Amino acid sequence: MTTSLRGLGWAAAVCGALSGCGDDGRMDSAGLTMTGSLTTTGASAPTGTDTAGTTTPTSTSEGGMSESASEATTGEPTSTGEPTTSSTGETTAGVCPADCEAKGGVCIGEECCPDEDHACGDVCCPQGDICSFNTCVTPGDSCIDASECADDEYCEYSLGEPAMMGGDMMCMGGIVPATGKCLPSPPKCMEGEDPGDPPTCLATCQYIPGAGQFTPSVKYHWDAGTVMMTPIVVQLDDDNCDTIVDERDIPEIAFTTFVDGKYQENGTIRVISIVGGQIVEKWTYNGGMADPIAPGRELAGGDIDGLPGNELVACSTTGKTRAFTGDGQPLWTSTYAGSCAFVSIADLDQDGKPEIVVPGAVLDGATGATELMLGVGGFNTPADLDGDGQLDIIHPRGAFNAAGGVMATTGLEGAYPAVADLDLDGKPEVAVIANNKNSATTPHHLIVWRHDPQAPNGAQIIRAGIDINGMLSPDLCPMGSAGNTGGGGPPTIADFNGDGTPDVAVAGGVGYAVFDGTKLMDPNVADVDTFLWIKQTQDCSSAATGSSVFDFDGDGSAEVVYSDEIRLRVYRGTDGEVLWSTCNTTGTLVEYPVIADVDSDGHADIVAVSNNYSSINCDGTKQTGVRIFGDSEGRWVRTRRVWNQHSYHVTNTEEGGKIPAIEPTNWLTPGLNNFRQNVQPEGEFAAPDLIVDLRLACEPDPYGLVGRVRNIGEASVPAGVPVHFFEGDPMNGGTLLGSGATTKVLYPAEAEDVTLLLPNAPPGLLDGSSVVWVVVDDAMPMHAWHECRVDNNSASGTGKCPLPG
């Protein structure tokens, strides 16, 4: 039996029994002694906030509430709950039986509700219902995870079975996952509404990082190979044992490696993830002689066949496209052999079965069969260019509709397009980089155009070619190099200066330039005056690297993350000031760093690649592999746990890897209107808020204390949150009985029971003469994630079990 110290009137009752109540926040448990053994099981409960008492109650019941005065003096219950007649002849209402609380019940008026899970405000829930966020509800279907519940439900683990070893359905080392019941999600509190104690709604919960230095550090480093392509981040396996792959699983980082400088020859796909703070290698694939993987070309990931789970798509050295299951098994190889270098995944015909768009063709996602032959190759990206609700295929020199019909032809050079609404009129513009070294007019230039059915060839040219080098001389690169004769990589679009309109950024051979979007769209502004800023860099080898952007501090202005041949830099978006840089050598192709929360700690990470095969060095050093950078003090805001392809633009994929049948229009989605920028649409400042409820494990033996940890915040909290149990007030010399930790990610409303078994419990706990304390998240050791509140992380009460019967 597990009993709880919370329920109707619990806070008031404990405050009456104990001399003081309040929140204690964090504490230092150093030097305290420990006894007992620990087990942790998945569970949750519908209520719980923290209270605190500082003195031992002189007379308390097993539920932590004071006994009635008559029972305290006579030692016997005096009420039967029936109406009585006084000495004056007046009839008085019945009262709750005096032994109700001693037996684990909760008094509601004159009724003894059997236990706290049924006590709900001023009513006792009927048999079969339970109290959830102060409302009587009927539990729904069994669930392993909230994904098995309706959209407006969550999985309540206290109503199911805890995780255990063995069984028919196992994962993660033979563990059968915990089960629960689906319950209605609690409502969101109205602005200014007090959620109450116990809470009746989930209140706004945000943590806004304070200003400070931009000081990233290496969190993880995979250094077993050389990499020169853009890594992708996508969930590929079932980490939480709910039998599906979705956003609740740990994301994988996928990339390709090469050896001996042969970045165009037989490569190896590698998939890693961060599990428990360590890099885990999930799988590798090296295909040998038949259509080997091209290690210098790009990957994409997502659900391409409409079946459960996500897949990877890669390019072969023969120009074919290859697909792999989430566990690395070959799925198909296309018969179409073009110039596969970039892969985009999108559902062009909106049938729930995505297509693969490669240079020159559209392939069926499930089989790789050729669906459309396009007359133009090169890098492309799907987007709804004409606002008809269907995706079109934008390529460097124009666009096709989903059926392959020609929509627009610019008649200009081009290599890499990006799409956004630069003038905020609800219609998109296409920013194209032209970098043909043999072009007489646009060897390193930015072109801007929009689709207009009334314009010649369906394209209105807004900027015919702005030299992206600006005032920087191409002679900064050696004569004959790519950076000297051409230059310009895939563009990035974001609001760099915080004026509410998107800007365009591009890396060339000699510099990184940001163009003011408002000025680009103003015909009265000369080309040379459209620069927001430009900074000298060095990418003489390919002169075609990309970049990504992210608003790390959430101030509304995006920062640039860019790696040239020698250094990885973060620029301030407003003026290009270098906020941070580190050595990061690479021979460069079209790769760029990506931004995602790869370790599920609630903060953005930078994933950057490097290689050491060439003569390029940085201050005499060379780097290699994949490095993941983060902020050790947790100042970076939240972001999604996905970056699934080179043409990533948030709306092209759901966080769990599902490709939307009807893709939301990026530039019409609040908070977006960007390209190659990650965000957290649900709230970049959203934070968890942990509360804890003290319960007792009374039978069968052994006796134990249970800390029911619940997240009442707006964001998930990682597994491994510490829970400590004390005899006596820990702030005043209390003794540490033992500690444990949560074992699963807790999403809003979810909870888990952490149980401390005490077969030889101190006598004071068993007879109720000692006050028991439980504390969750004392921030020791320090962690990167932050709660929105830290003054509600403890609870206290008696450890005396209810009387039998």
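Residues numbered from 1 in each chain as written. Predicted model: local features only at pLDDT ≥ 70, side-chain atom pairs only at ≥ 80, totals over all residues. Heavy atoms only, no water.

Under an unreviewed UniProt entry, the name given to the protein is Repeat domain-containing protein, and the source organism is Nannocystis exedens.

1. Regarding the overall build of the protein
Along the backbone of the protein there are five helices and 54 strands. For the protein, with 805 residues in total, the buried portion stands at 58%. Entry remark: accessible area of the protein is about 29,800 Å², with carbon and sulfur atoms responsible for 52%. (Helix = DSSP H or I, 4+ residues; strand = E, 2+ residues; numbered from the N terminus. Buried < 20%, exposed > 50% of the residue type's maximum accessible area, 1.4 Å probe, protein only. Areas by Shrake-Rupley, 256 points an atom, 1.4 Å probe, with all protein chains shown as cover.)

2. Things to note about the state of the cysteines
Two cysteines, two sulfur atoms, one covalent bond between them: this is a disulfide. Tallied over the entire structure, the rule returns 13 disulfides. The partner cysteine of Cys-113 in its disulfide is Cys-124, sulfur to sulfur 2.0 Å. The chirality of the disulfide connecting Cys-113 with Cys-124 is right-handed, given an S-S dihedral of about 80°. Taken together, the residues Cys-113 in strand β6 (residues 111-113) and Cys-124 in strand β8 (residues 123-124) connect sequence positions 11 residues apart. Accessibility classification places Cys-113 together with Cys-124 in one group, the buried group. The disulfide that involves Cys-583 links it to Cys-618, with 2.0 Å between the sulfurs. Looking down the S-S bond of the Cys-583 and Cys-618 bridge, the torsion is -65°, so its handedness is left-handed. Residue Cys-583 is found in strand β44 (residues 578-583), and its partner Cys-618 is found in the loop between β46 (605-610) and β47 (625-631); the two are separated by 35 residues along the sequence. (Disulfide = S-S within 2.5 Å.)

3. Digging into the nonpolar core
Ranked by size, the top nonpolar core spans 51 residues in total, and within it Ile-269 and Leu-312 carry the most contacts. Excluding anything up to four places from it in sequence, Leu-312 contacts Ile-232, Val-234, Leu-236, Ala-254, Ile-269, Val-271, Trp-283, Ala-300, Gly-301, Arg-322, Ala-323 and Phe-324. Counting 24 residues, the second largest nonpolar core, distinct from the first, contains Tyr-703, Val-717, Leu-765 and Val-774. (Core = buried A, V, L, I, M, F, W, Y, C linked by side-chain atoms within 4.5 Å. Contact = heavy atoms within 4.5 Å.)

4. A closer look at unusual backbone geometry
Positive phi is not limited to glycine here, since Thr-588 has a value of about 65°. Checked against the element boundaries, Thr-588 lands in the loop between β44 and β45 (594-596). The backbone of Ala-749 sits at a positive phi, close to 85°, despite the residue not being glycine. Note that Ala-749 resides in the loop between β51 (735-741) and β52 (751-757). According to the relative accessible area criterion, Ala-749 is buried, its value standing at 1%.

5. Brief notes about empty space enclosed by the protein
Enumeration according to the criterion identifies five cavities of 30 Å³ or more in this entry. Estimates place the volume of the largest cavity at around 120 Å³. Taken together, 16 residues line the largest cavity, and the ones lying closest to its centre are Tyr-207, Gly-602, His-603, Arg-638 and Ala-686. Of the residues contributing to the lining of the largest cavity, the split by class is nine nonpolar, four polar and three charged. As a volume, the second largest cavity reaches approximately 90 Å³. For the second largest cavity, the lining is made up of 13 residues, of which Ala-383, Asp-384, Glu-663, Asn-666 and Trp-667 are closest to its centre. Looking at the lining of the second largest cavity, its residues break down into seven nonpolar, four polar and two charged. (1 Å grid on protein atoms, 1.4 Å probe; cavity = no way out; pocket = protein on both sides within 12 Å on 5 of 7 lines; lining within 4 Å. Points joined across faces, edges and corners; volume = space filled by probe spheres on them. Nonpolar A, V, L, I, M, F, W, Y, C, P; charged D, E, K, R; others polar.)

6. Side note on the pairing of strand β15 (residues 180-184)
Note that strand β11 (residues 142-143) and β15 share two bridges and pair antiparallel. Its bridge partner being in β15, Ser-142 is matched across the sheet by Lys-181. Where strand β12 (residues 153-156) lies against β15, four bridges are found, and the strand directions are antiparallel. Opposite Glu-156, over in β15, you have Lys-181 as the bridge partner. (Pairing = 2+ DSSP bridges.)

7. Section: the side chain of Thr-501
Along the chain, the position of Thr-501 falls in the loop between β37 (492-494) and β38 (503-507). For Thr-501, the side chain forms a polar contact with the side chain of Asp-499, separated by 3.0 Å. Engagement of the side chain of Thr-501 in a polar contact is seen with the side chain of Thr-518, the distance being 3.0 Å. For Thr-501, the contacting residues outside a window of four places in its chain are Leu-422, Leu-424, Asp-495 and Thr-518. (Polar contact = N/O pair within 3.5 Å; in protein donor to acceptor, adjacent residues only side chain to side chain.)

8. Focus on the sheet that holds strand β28 (residues 370-373)
Within the open sheet, the four strands sit side by side as β25-β26-β27-β28. Their pairing is antiparallel. Each edge of the open sheet carries a strand with a single partner, namely β25 (344-346) and β28. Along the sheet, successive strands turn relative to each other by an average axial angle of 25°, direction set aside. Here three bridges tie strand β27 (residues 361-364) to β28, and the two strands are oriented antiparallel to one another. Paired with Leu-363 across the bridge in β28 is Thr-370. (Axes fitted to C-alpha atoms, helices over the stretch in contact; angles between N-to-C directions.)

9. A word on the confidence of the model for the protein
Within the protein, residue pLDDT values average 86, and 86% of them lie at 70 or more. Taken together, the stretch residues 1-82 has pLDDT below 50 and engages in 249 contacts with residues farther than four places along the chain or on a different chain. (pLDDT = per-residue confidence, 0-100.)

10. Details of the sheet that holds strand β31 (residues 398-400)
Spatial strand order, β29-β30-β31-β32: four strands in an open sheet with antiparallel pairing. Of all the strands in the sheet, just β29 (381-383) and β32 (406-409) have a single pairing partner and so form its edges. The sheet shows a mean angle of 25° between the axes of neighbouring strands, taken without regard to direction. Relative to strand β30 (residues 392-395), β29 is paired through three bridges, and the arrangement is antiparallel. Directly across from Pro-382, in β30, lies its bridge partner Ile-393.

11. With respect to the environment of His-646
Mapping His-646 onto the fold places it in the loop between β47 and β48 (690-697). When the C-alpha atoms of His-646 and Thr-381 are compared, they prove to be 9.5 Å apart, with 265 residues separating the residues in sequence.

12. Things to note about the environment of Val-137
As for its position among the elements, Val-137 is in strand β10 (residues 135-137). Residues Val-137 and Leu-183 lie 46 residues apart in sequence; the distance between their C-alpha atoms is 7.4 Å. In this structure Val-137 touches Asp-129, Ile-130, Ser-132, Leu-183 and Pro-184, once residues within four positions along its chain are discounted.

13. Structural notes on the pattern of salt bridges
For side chains of opposite charge, pairing can occur when their charged atoms come near one another. Tallied over the entire structure, the rule returns 22 salt bridges. One salt bridge connects Arg-248 with Glu-750, and the closest N-O pair in it is separated by 2.9 Å. Highlighted residues: Arg-248 in the loop between β17 (232-234) and β18 (252-257) and Glu-750 in the loop between β51 and β52, separated in sequence by 502 residues. One continuous salt-bridge network, built from bridges that share partners, spans Lys-219, Asp-599, Asp-601 and Asp-605. (Salt bridge = Lys/Arg side-chain N within 4 Å of Asp/Glu carboxyl O.)

14. Focus: the packing of aromatic side chains
All chains considered together, the criterion is met by 20 aromatic pairs. Between the aromatic rings of Trp-533 and Tyr-571, the centroid separation amounts to 5.4 Å while the plane-to-plane angle is 45°, which identifies the pairing as tilted. Of this pair, Trp-533 sits in strand β40 (residues 531-536) while Tyr-571 sits in strand β43 (residues 567-571), placing them 38 residues apart in sequence. Residue class for Tyr-571 comes out buried when judged on its relative accessible area of 1%. One aromatic cluster in this structure is built from Phe-214, Phe-550, Phe-552 and Trp-636. The residue whose ring lies beneath Arg-248 is Tyr-747, and the NZ or CZ to ring-centre distance is 3.9 Å. (Phe/Tyr/Trp six-rings, centres within 6.5 Å; stacked < 30°, edge-to-face > 60°. Lys NZ or Arg CZ within 6 Å of the ring centre and 35° of its normal.)

15. Quick word on the pairing of strand β54 (residues 794-798)
Most of β54 is tucked away: five of the five residues are buried. Looking at chain direction, strand β53 (residues 771-776) and β54 are connected through five bridges and run antiparallel. Note on β54: the bridge partner recorded for Val-774 is Ala-795.

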